[in-house]
Amino acid sequence: MRLHLIGMPGAGKTTLGRALATAYEVPFRDLDQEIVRREQRTIPDIFAQDGEEYFREREASVLRDLIAELPDLVLSTGGGTPCFHHNLEVLLESGLTLYLAVPVSELVRRLQRQAASRPLLAALPDAAALETRLAETLAARQQFYDRAPLCCAAPACSVEAVRQLVERYNAAV
Ligand SMILES: Nc1ncnc2c1ncn2[C@@H]1O[C@H](COP(=O)(O)OP(=O)(O)OP(=O)(O)O)[C@@H](O)[C@H]1O
Ligand SMILES: O=C(O)C1=C[C@@H](O)[C@@H](O)[C@H](O)C1
Ligand SMILES: [Mg+2]
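Residues numbered from 1 in each chain as written. Chains lettered and ligands numbered in written order. Predicted model: local features only at pLDDT ≥ 70, side-chain atom pairs only at ≥ 80, totals over all residues. Heavy atoms only, no water.

Named according to an unreviewed UniProt entry, the protein is Shikimate kinase originating from Hymenobacter fodinae. As its UniProt record puts it under Catalytic activity (unreviewed entry), the protein is described as follows: "shikimate + ATP = 3-phosphoshikimate + ADP + H(+)". Within the UniProt record for the protein, the comment given under Pathway (unreviewed entry) is "Metabolic intermediate biosynthesis; chorismate biosynthesis; chorismate from D-erythrose 4-phosphate and phosphoenolpyruvate: step 5/7." (UniProt positions renumbered as here; feature names shortened; annotations may be inferred.)

If you want it as structure tokens, here you go:
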């Protein structure tokens, strides 16, 4: 089984993905972490040294590599992954994709202390600016996220809740 998690930065894709992989007893990969491993530098460094376009190309190619390599996989994507280089089509065709939906107010709470490690959110002066940026980003990305066949909304999105969603989905198709 391949299960892909998509959603905004701070939605909990990495945290939940790791727990789901343990529960399903399949390998876990985090796309951001795989890019960092292969590039031997952090995401802020990649953005600063080579720009977002380069990052998006690496993201698209590492995504395709992981899917080709691992028939069983829980994959946590980056927040922007489904929105570039036809990655959403790749995700939809190669596994079951779940959108982890979290309100902007909750994302602000979670990301306030971590914005510096996320280049697209760095250098914002305060929580209000972070909230505006996240709301604009979500508005642009919603059309991609909404194409996932499964959606789980915070705070109900536990490992058990996702397992039930997947079970119901598989029984229905
Ligand atoms: N269900 C949850 N409830 C509260 N906080 C959470 C929950 N899941 C994750 N967090 C916290 O929110 C922050 C972001 O979580 P995480 O890194 O898993 O998100 P992400 O979706 O992978 O983000 P990114 O797209 O930036 O990689 C972390 O500090 C994490 O501890
Ligand atoms: O929302 C985004 O576009 C990003 C989210 C992170 O997961 C990283 O993939 C990177 O910082 C870009
Ligand atoms: Mg993550």
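So much for the structure itself; the text now carries on.
1. A look at the overall build of the protein
The helix and strand tally for the protein stands at 7 helices and 5 strands. Secondary structure of the protein in N-to-C order comes out as β-α-β-α-α-β-α-β-α-α-β-α. Against the globule reference of 16 Å for 173 residues, the protein gives a C-alpha radius of gyration of 16 Å, in line with a compact fold. Per-residue burial over the protein gives 44% buried out of 173 residues. A sequence separation of at least 24 residues applies to 72% of the contacts in the protein between residues at least 6 apart. Of the roughly 8600 Å² of accessible surface on the protein, a fraction of 52% belongs to carbon and sulfur atoms. Each charge class in the protein can be summarised by its mean position, and for the 19 positive and 23 negative side chains these summaries are 3 Å apart. (Helix = DSSP H or I, 4+ residues; strand = E, 2+ residues; numbered from the N terminus. Rg over C-alpha atoms; globule rule 2.2 N^0.38 Å. Buried < 20%, exposed > 50% of the residue type's maximum accessible area, 1.4 Å probe, protein only. Contact = heavy atoms within 4.5 Å. Areas by Shrake-Rupley, 256 points an atom, 1.4 Å probe, with all protein chains shown as cover. Lys, Arg positive; Asp, Glu negative; His and termini not counted. Charge placed at Lys NZ, Arg CZ, Asp CG, Glu CD.)

2. Describing the site of ligand 2
For ligand 2, the full set of nearby residues is Pro9, Asp32, Ile43, Phe55, Arg56, Gly78, Gly79, Gly80, Pro119, Leu120 and Arg141. Here an oxygen atom of ligand 2 and a side-chain polar atom of Asp32 are 2.5 Å apart. Taking Gly79, its main chain carries an N or O atom lying 3.2 Å from an oxygen atom of ligand 2. Bound to the protein, ligand 2 loses 92% of the 310 Å² it would expose on its own. Put simply, ligand 2 lies in the largest pocket. Looking at the shell around ligand 2 element by element, the count peaks at 3 residues for helix H3 (residues 43–69). (Near = heavy atom within 4 Å. Polar contact = N/O pair within 3.5 Å; in protein donor to acceptor, adjacent residues only side chain to side chain. 1 Å grid on protein atoms, 1.4 Å probe; cavity = no way out; pocket = protein on both sides within 12 Å on 5 of 7 lines; lining within 4 Å. Sits in = over half its atoms within 2 Å of the grid points.)

3. Quick notes on the site of ligand 1
The full set close to ligand 1 counts 13 residues, and Lys13, Thr14, Thr15, Gln114 and Arg118 are the nearest of them. At 2.6 Å from an oxygen atom of ligand 1 is found a side-chain nitrogen or oxygen belonging to Lys13. In the complex, the protein chains occlude 64% of the 630 Å² of accessible area that ligand 1 would expose alone. Looking at the shell around ligand 1, the element that brings in the most residues is helix H1 (residues 13–24), giving 3 residues.

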